[in-house]
Structures are given as C-alpha cells and as structure tokens.
Amino acid sequence: MSLKNMNDQLLLDLDREADDDRDLDATLAEARRRFEKALVRERRPIARVGVIDSPVGRLFVADGPRGILAIHFMDGKGPEPLETMRGKFDIVEDQAAADRIGEEIRRFVAGDRNALKHEVDLSLVESDFKRRALTKLCKVPLGSVVTYQGLASAVGAPDGQRAIGNAMGSNPIPIYVPCHRVIKSDLSIGNYGGGVPRKLKLLRAEGFAVGKDLRMPAHAVMGHQRTHIYCRPNCSAAQRADMGRVYIFADPERAQRAGLRACKICHPV
Amino acid sequence: MRRHDREIMRFLMRMTRDRDDALDLFQETFLRAYRAYPQLDSEDGLRPWLFKIAANLCRNRARDRARHSRVIAPEADAEMLDGVAPHYSNHADRAAPAAALDLRRAIAGLPGKQGQAFVMRKIVGLEYAEIGAALGCSEESARAGVYQALRKLKELR
C-alpha cells in the first residue's frame, strides 16, 4: 500500500471510530444513573437567589432551606454574599422565591410591623462571636434600638463595641436581622452598610422617628429589661443601668406596650 | 455538565477500553467536578476543565494498574508496555471488527499525553487550545502530540 493510501485508510478508520457509538448510549445511560445515585450523597443544600427592586433599593436576596441566607444592597458596602455561598450551597436562580421576600420588605417599609415572616439562617456568618451578636440583635424589639456598647455587653464583651460594629457591618441579612436598630452610645444614629438614609427609612418604618439632626426622638426613653422600668435618658437610674439590658424606645407608649412601667424618679410620661 | 458527559464518556471508553473502568472514572470525574465547581472561574473553561479531570484520572488509573501488575505478575510487564492489557475484559471491543480492534489497541498503546491528546482531537473533536488547557500544555505542544501519535499509528499499520 502506498503512503498516501495508508494515510487515507487511517483517516477513514478514525472517522469510523469517532462515529462508532454502538455501546456509548447504553453505557452513558448506566453512567448517568450511577452518577445521580452518587450525587444524592454529595448534594449540598440549595440556595434560591434573585434580584429584587424594593423601597430600600435594588437587593440581591438568597433563600435557603432553613431561612433567608443573605440580603445584599447592590449599591451598598456590605459583603458580597455570592462567593461565600458557593462553597456551602448549590445556587439556583429563583425569581419567585426572591419576589416573596421582596413583597415582605415592601409591606414592612410601608409600615406593616408583622410583614417579615421568613426565618433567618445565619450560616453565612463567619465567626461565633458575630453569630452571637446577630442572634442577640434579633431580640431587640421592633420600635426600639440598642447601642453598640449595649449589644457588646449583652453578648458578654462589655468593651467590644468596635467588634460589634464589625459584626453589624458584615451582617449578611440586613432588614431581617435588624442591624439598623443599633446606634451609637451618644444616641446619635451612627452608620449603616446600606447608607444612613436607608437606616433612617427602616427605623421610621418601625415607628422610630429620628429627627433631621440624626438624633433620637425627643421622647425617647430607656427601657431596662431586668427591672421592666423605663426612664428618661438623663435619669440617674438610667446612668447606672447595665447597658446590656437597656433598649431605647421611641416614646413611653411603646415602652409600655412592651410591658415596662414608668420610672418613679424621672416620671417619663 | 450534562452537555459534555457524552464526550467525556467517549474519551474514557477509548482511554480505558473497559466498560466498568469507564463507568467508574466517569462517576469519579463528575463527582470531582461537582465538588470543585464553585472554584471554576468561568463557564468557557468548563469543557477543557472536565477533560483535565478525566485525563488525570486516566493517568492515575494507568499508574495504579502498572504498579499493581508489577506486584502481582512481573511477566505481564512486557505486554503492558506493548500497550495491550490482556488481563481485563474488553466489553466494548467484543463487537468491533478486527481492523477497528487493531486501531483501538494501537490508540490505547500510545504513550500518555500523546494518546490523550489524540483521542481528544480525533475521536472527541476538541480544539487544540482546549486540549492544551486540559493537558496543562501549550496549544502547539498539543498539536505536536497529536501529530506524533498519528505518525506512530501510521508506522504500526
């Protein structure tokens, strides 16, 4: 056989080889079946993600099997959650799931206090300290705020207000985990990952009317969780209080609604 | 990933010439890909990346088999070096005509990267750039590998 013929024959055989799928289909079907079976053991939980337009701006939201995993202000400074999520979850785009969360946020900002029904899942939080701080924060009742220092005391680190600031800054689920309810110890409004205007909007939606000077409402009172008494901020009893157990309510009425009674020293009515 | 599973299976069948081995390696390839998928930079690199995993697994398997055969049956070495591993079943080969069988044996006998590059190019139909990415070499050396493999096949026939 000449060299050219040999070449042609080889190329012809190769073509035939490439087309030869006699066993391939059956083997592939078997392989897919085995792989699906093996995958069941490997599969990670699913995170349903989507982008929504809300009254507080464009949000990236992620909903997991145990609750909301992440809400991210797309123009804000907060941590980018998608990369962190990839390691732990299988990410699926699901606009309907995102819209359900969006609807709750819309109603919440419009003033419906009971709109936020979804559970939260803090599994994207990196450290135990931050998780403790955020869990504690979830207990701060609607219509009240807490100071960074107060929250630090509440998690057992009385000097850890900066660490609390960091924990709030890396809160993966703002709005649902209400880091907008944390203010500075001088009772000024402090900062917010999504920007101060959003913090004000959320606080006002909860009935905590912060003035234009970004300070507390004139009738704000300090509510002591242990004694169930509320005082004016300048009351001598308030000065002595354990800040970890103090919430600041927008007005006496809200404090009373939370089951507290007025202080008999400063008469905050 | 489903888009590429057919060609991965075709690659594995030609590299292993054994249905059970191909099934095992297929599962291992896609499980590894599934685990490492979050680290993949872009979808564009998916095809060569899958082939890289499959090729590495084939290499590991060949190495393990060689080691195993050295321990179990030293006399089988010569046959292994000829590129024919006669001691395991060739289900896929049973139905093939003699000429095709020769060609398959010859392909399986090609040295490591050359054989892989050859199958990726001539049987599966990958681009040279993709082969380079899959085998961790340049596009030119992938092309050279395929050329050398072709030359060897011609010499054998």
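Note that the structure is predicted; figures quoted are calculated from it, not measured. (Residues numbered from 1 in each chain as written. Chains lettered and ligands numbered in written order. Predicted model: local features only at pLDDT ≥ 70, side-chain atom pairs only at ≥ 80, totals over all residues.)

Some details on the overall build of chain A
From N to C terminus, chain A includes ten helices and ten strands. Sorting the 269 residues of chain A into buried and exposed places 37% on the buried side. Partitioning the intrachain contacts of chain A with sequence separation of at least 6 by distance along the chain shows that 61% fall at a separation of at least 24. (Helix = DSSP H or I, 4+ residues; strand = E, 2+ residues; numbered from the N terminus. Buried ≥ 20, exposed ≤ 12 C-beta atoms within 10 Å, placed from the backbone. Contact = placed C-beta atoms within 7 Å.)

Considerations on the overall build of chain B
Summing up its helical and strand segments, chain B has nine helices and zero strands in all. Along chain B, helices (α) and strands (β) appear in the sequence α-α-α-α-α-α-α-α-α when read from the amino end. The 157 residues of chain B split such that 38% are buried. Looking at chain B alone, contacts between residues at least 24 apart form 61% of all its contacts between residues at least 6 apart.

Structural notes on helix α5 (residues 128–137) of chain A
All names here are of chain A. Inspection of α5 places Lys130, Ala133, Leu134 and Leu137 among the buried residues, and these make up the whole buried set. End-on view of α5: buried residues confined to an arc of 95°, all on one side of the axis. Where α5 is buried, its residues meet α6 (148–154), α7 (161–169) and β6 (182–183). (Arc of directions from axis to C-beta.)

Considerations on the sheet that holds strand β5 (residues 144–147) of chain A
Residues and elements named next belong to chain A. Strand order across the open sheet formed by six strands is β6-β5-β9-β7-β8-β10, with mixed pairing between neighbours. The strands lining the two open edges of the sheet, one partner per strand, are β6 and β10 (261–262). Summarising the sheet, β5 and β6 pair through two bridges and their orientation is parallel. The residue of β6 that forms the bridge with valine 146 is valine 182. (Pairing = 2+ DSSP bridges.)

A word on the packing of helix α1 (residues 2–16) of chain B against helix α2 (residues 19–36) of chain B
Residue and element names in this part refer to chain B. Between α1 and α2, the least distance of the axes is 9 Å, while the angle of their chain directions is 135°. Looking at the two axes, α1 sits oblique to α2. As α1 packs across α2, the resulting crossing turns out to be right-handed. Contacts between α1 and α2 involve Ile8, Met9, Leu12, Met13 and Thr16 from the former and Asp21, Ala22, Leu25, Phe26 and Thr29 from the latter. Of the residues belonging to the contact of α1 with α2, the class tally is seven nonpolar, two polar and one charged. (Axes fitted to C-alpha atoms, helices over the stretch in contact; angles between N-to-C directions. Parallel < 35°, antiparallel > 145°, perpendicular 65-115°, else oblique. Left-handed = near helix turned anticlockwise from the far one by under 90°. Nonpolar A, V, L, I, M, F, W, Y, C, P; charged D, E, K, R; others polar.)

Re unusual backbone geometry
Residues and elements named next belong to chain A. Not every positive phi belongs to a glycine, and leucine 187 is a case in point at roughly 65°. Along the chain, the position of leucine 187 falls in the loop between β6 and α8 (196–205). For leucine 187, a count of 16 C-beta atoms within 10 Å corresponds to the partly exposed category. Even without a glycine there, the phi angle at histidine 267 is positive, about 45°. Structurally, histidine 267 can be placed in the segment after β10.

A few points about the pairing of β5(A)
Residue and element names in this part refer to chain A. Here β5 shows a buried face lined by Ser144 and Val146 and a second buried face lined by Val145 and Thr147. The pairing of β5 with strand β9 (residues 246–249) spans two bridges and is antiparallel. Directly across from serine 144, in β9, lies its bridge partner phenylalanine 249.

Let's talk about the environment of A:Gly211
All names here are of chain A. Structurally, glycine 211 can be placed in the loop between α8 and β7 (221–224). You can call glycine 211 exposed: it has 11 C-beta atoms within 10 Å. Spatially, the C-alpha atoms of glycine 211 and isoleucine 189 are 9.8 Å apart, while their sequence positions differ by 22 residues.

Quick word on the nonpolar core
Core analysis: the biggest nonpolar cluster contains 64 residues, and A:Val61, A:Leu151, A:Val182 and A:Tyr230 have the highest contact counts within it. Among all residues touching A:Leu151, those that are not within four sequence positions of it are A:Ala133, A:Lys136, A:Leu137, A:Val146, A:Ile164 and A:Val182. The next biggest cluster of nonpolar side chains, apart from the first, holds 42 residues, and it includes B:Trp49, B:Leu103, B:Ala106 and B:Ile131. (Core = buried A, V, L, I, M, F, W, Y, C linked by C-beta atoms within 7 Å.)

Focus on the packing of helix α7 (residues 112–124) of chain B against helix α9 (residues 139–156) of chain B
Residues and elements named next belong to chain B. Here α7 crosses α9 at 95°, and the two axes come no closer than 8 Å. Classed by the angle they form, the pair α7 and α9 counts as roughly perpendicular. Residues Lys113, Gln114, Gly115, Ala117, Phe118 and Arg121 of α7 lie in contact with α9, whose contacting residues are Ala142, Gly145, Val146, Gln148 and Ala149. The residue makeup of the contact of α7 with α9, split by class, is five nonpolar, four polar and two charged.

As for the sheet that holds strand β2 (residues 57–64) of chain A
Working definition: the strands of a sheet are paired by backbone hydrogen bonds and lie parallel or antiparallel to each other. All names here are of chain A. Spatially, the four strands line up as an open sheet ordered β3-β2-β1-β4, and their pairing is mixed. Strands with a single pairing partner mark the edges of an open sheet, and in this sheet they are β3 (67–73) and β4 (90–93). Strand-to-strand twist across the sheet, computed as the mean angle between neighbouring axes with direction ignored, equals 25°. Lying on the sheet, helix α4 (residues 95–109) is in contact with β1 (46–54), β2, β3 and β4; it crosses β1 at an angle near 50°.

Re the environment of A:Lys199
Residues and elements named next belong to chain A. Within the secondary structure, lysine 199 sits in helix α8. Distance from lysine 199 to valine 182, taken between C-alpha atoms, is 9.7 Å for residues 17 residues apart in sequence. When residues no more than four places from it in sequence are discounted, the contact partners of lysine 199 are His180, Ile189 and Tyr192.

A word on the confidence of the model for chain B
Residues and elements named next belong to chain B. Mean pLDDT over chain B stands at 80; residues scoring 70 or higher make up 79%. Segment residues 75–93 is flagged for pLDDT under 50; beyond a separation of four residues in sequence, or across chains, it makes 28 contacts in the model. Overall fold confidence for the complex sits at a pTM of 0.60, while the interface term, ipTM, reaches 0.75. (pLDDT = per-residue confidence, 0-100.)

A closer look at the pairing of β7(A)
Residue and element names in this part refer to chain A. The pairing of β7 with β9 spans four bridges and is antiparallel. Counted as the bridge partner of histidine 224 is valine 246 from β9. Sheet analysis places β7 next to strand β8 (residues 229–231), joined by three bridges and oriented antiparallel. By the bridge assignment, methionine 222 is partnered in β8 with cysteine 231. A loop of four residues connects β7 with β8, the two strands running antiparallel in sequence, and histidine 228 in this loop sits at a positive phi of about 60°.

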